[in-house]
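Geometric and topological summary
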Amino acid sequence: ETGVTQTPRHLVMGMTNKKSLKCEQHLGHNAMYWYKQSAKKPLELMFVYNFKEQTENNSVPSRFSPECPNSSHLFLHLHTLQPEDSALYLCASSQEGPGGAKNIQYFGAGTRLSVL
Amino acid sequence: AQSVSQHNHHVILSEAASLELGCNYSYGGTVNLFWYVQYPGQHLQLLLKYFSGDPLVKGIKGFEAEFIKSKFSFNLRKPSVQWSDTAEYFCAVTNYGNNRLAFGKGNQVVVIP
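So, here is what we can say about the structure in this document. Not measured: the values here are computed from a predicted model.

Overview of the overall build of chain A
Counting secondary structure elements, chain A contains zero helices and eleven strands. The N-to-C order of helical and strand elements in chain A reads β-β-β-β-β-β-β-β-β-β-β. Relative to a compact globule of 116 residues, whose C-alpha radius of gyration would be 13 Å, chain A shows 14 Å and is just as compact. Projected onto the principal axes, the alpha-carbon positions of chain A cover approximately 45 × 30 × 30 Å. Looking at chain A residue by residue over its 116 residues, the buried ones come to 48%. Intrachain contacts of chain A at a sequence separation of at least 6 include 55% that bridge at least 24 residues. By element, 51% of the accessible surface of chain A is carried by carbon and sulfur atoms, the whole surface being about 5,400 Å². The average position of the 11 basic charges and that of the 9 acidic charges among the side chains of chain A differ by 6 Å.

Examining the nonpolar core
Counting 29 residues, the largest nonpolar core has B:Trp35, B:Leu76 and B:Tyr89 as the members making the most contacts within it. When contributions to this core are tallied by element, the ones reaching two or more residues are strand S2 (10-14), strand S3 (19-21), strand S5 (31-38), strand S6 (44-50), strand S8 (64-68), strand S9 (73-78), strand S10 (87-95) and strand S12 (107-112) of chain B. Grouped together as the second largest cluster of nonpolar side chains are 22 residues, A:Phe47, A:Cys68, A:Cys91 and A:Val115 included.

Comments concerning the environment of A:Leu27
All names here are of chain A. Structurally, Leu 27 is set in the loop between strand S3 (18-25) and strand S4 (31-37). Leu 27 sits in the partly exposed class, given a relative accessible area of 33%. With 23 residues separating them along the chain, Leu 27 and Val 4 place their C-alpha atoms 7.7 Å apart. Among all residues touching Leu 27, those that are not within four sequence positions of it are Thr 2, Gly 3, Val 4, Ser 93 and Tyr 106.

With respect to the pattern of salt bridges
Between side chains of opposite charge, a pair can form as their charged atoms come close. Counted under the stated rule, the structure contains six salt bridges over all chains. The partner of A:Arg63 in a salt bridge is A:Asp85, and the shortest N-O contact between them spans 2.7 Å. Taken together, the positions of A:Arg63 in the loop between strand S6 (53-57) and strand S7 (64-70) and A:Asp85 in the loop between strand S8 (73-79) and strand S9 (87-94) put the pair 22 residues apart, joining distant regions of the chain. Looking at A:Asp85, the relative accessible area reads 2%, which means it is buried. Between B:Asp85 and B:Lys78 there is a salt bridge, with the nearest N and O atoms lying 2.9 Å from each other. Here B:Asp85 matches B:Lys78 in class, with each residue buried. Several salt bridges converge on common partners, so that one network encompasses B:Lys58, B:Glu64, B:Glu66 and B:Arg77.

Conventions we followed
By convention here, each chain's residues receive numbers from 1 onward along its written sequence. Lettering of chains starts at A and numbering of ligands starts at 1, both following the order in which they are written. With pLDDT at 70 or above as the cut-off, local features in this predicted model cover only qualifying residues; side-chain atom pairs require 80 or more to be listed or tallied, and sums for whole chains, interfaces and linings still use all residues. The side-chain quantities take in all heavy atoms of the structure and omit both hydrogens and water. The way it works is that DSSP assigns letters per residue, a run of H or I at least four long becomes a helix, a run of E at least two long becomes a strand, and they are numbered from the N terminus. C-alpha atoms define the radius of gyration, and 2.2 Å times the number of residues to the power 0.38 defines the globule rule. The rule is simple: take the accessible area with a 1.4 Å probe, protein chains only, and divide by the maximum for that residue type; under 20% is buried, over 50% is exposed, in between is partly exposed. Note on contacts: a residue pair is in contact if any heavy atoms of the two residues lie within 4.5 Å. The Shrake-Rupley method, run with a 1.4 Å probe sphere, supplies the accessible areas, and residue values consider only the shown protein chains as cover. For the purpose of counting charges, residues Lys and Arg are taken to be positive, whereas Asp and Glu are taken to be negative. His and the chain ends are not included. To locate a charge, the coordinates of NZ of Lys, CZ of Arg, CG of Asp or CD of Glu are taken. Residues grouped as a nonpolar core are buried Ala, Val, Leu, Ile, Met, Phe, Trp, Tyr and Cys residues, joined through side-chain atoms within 4.5 Å. A pair is scored as a salt bridge if a Lys or Arg side-chain nitrogen falls within 4 Å of a carboxyl oxygen belonging to Asp or Glu.

As structure tokens, then:
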């Protein structure tokens, strides 16, 4: 148990569905992240939130919409996804400090998403 | 942007064999370096990290890694593997002052009893 909890663990959705992934961290961290893990590809950073403010969007399609209502919760809203969006979606958190020099990211177990 | 290379994506070895996984990164400035491990069905967890100081870093479960700045490398080693080391291993790098982790593609390691 890392202190980062993701729900659901598995999700199957059609291309016209709307669903949301949830992430909660119990570590008192001030930064949260969404990553996409696809087979045979490096983990891709999707979004970064620092102190609830989005500070990075790595050219992610608008069918992925993040939301960070507070520093402990992070959502990823999904709408009209494509089959190629099927992947493991990982959430992580860290404590950002001056210069961001020594922050370690703690990962959740992920949500395995299948888009039909 | 920082990029990370890991070669030999699939590694199969017998118990008690030695393991070395290569990691090279592209950016030549000050970096923070990490190895993460993902055991089957489990979350990514930190194996070891390098921020500064002694370039030979020791982590959990008998793993170590050596930072060689001149080679832009951070190779992971374990002298004698066990079946329980079967997992996927990821090298990751951040540039100093930036918390954006760049990951390699990972090494799938299978240890045969």
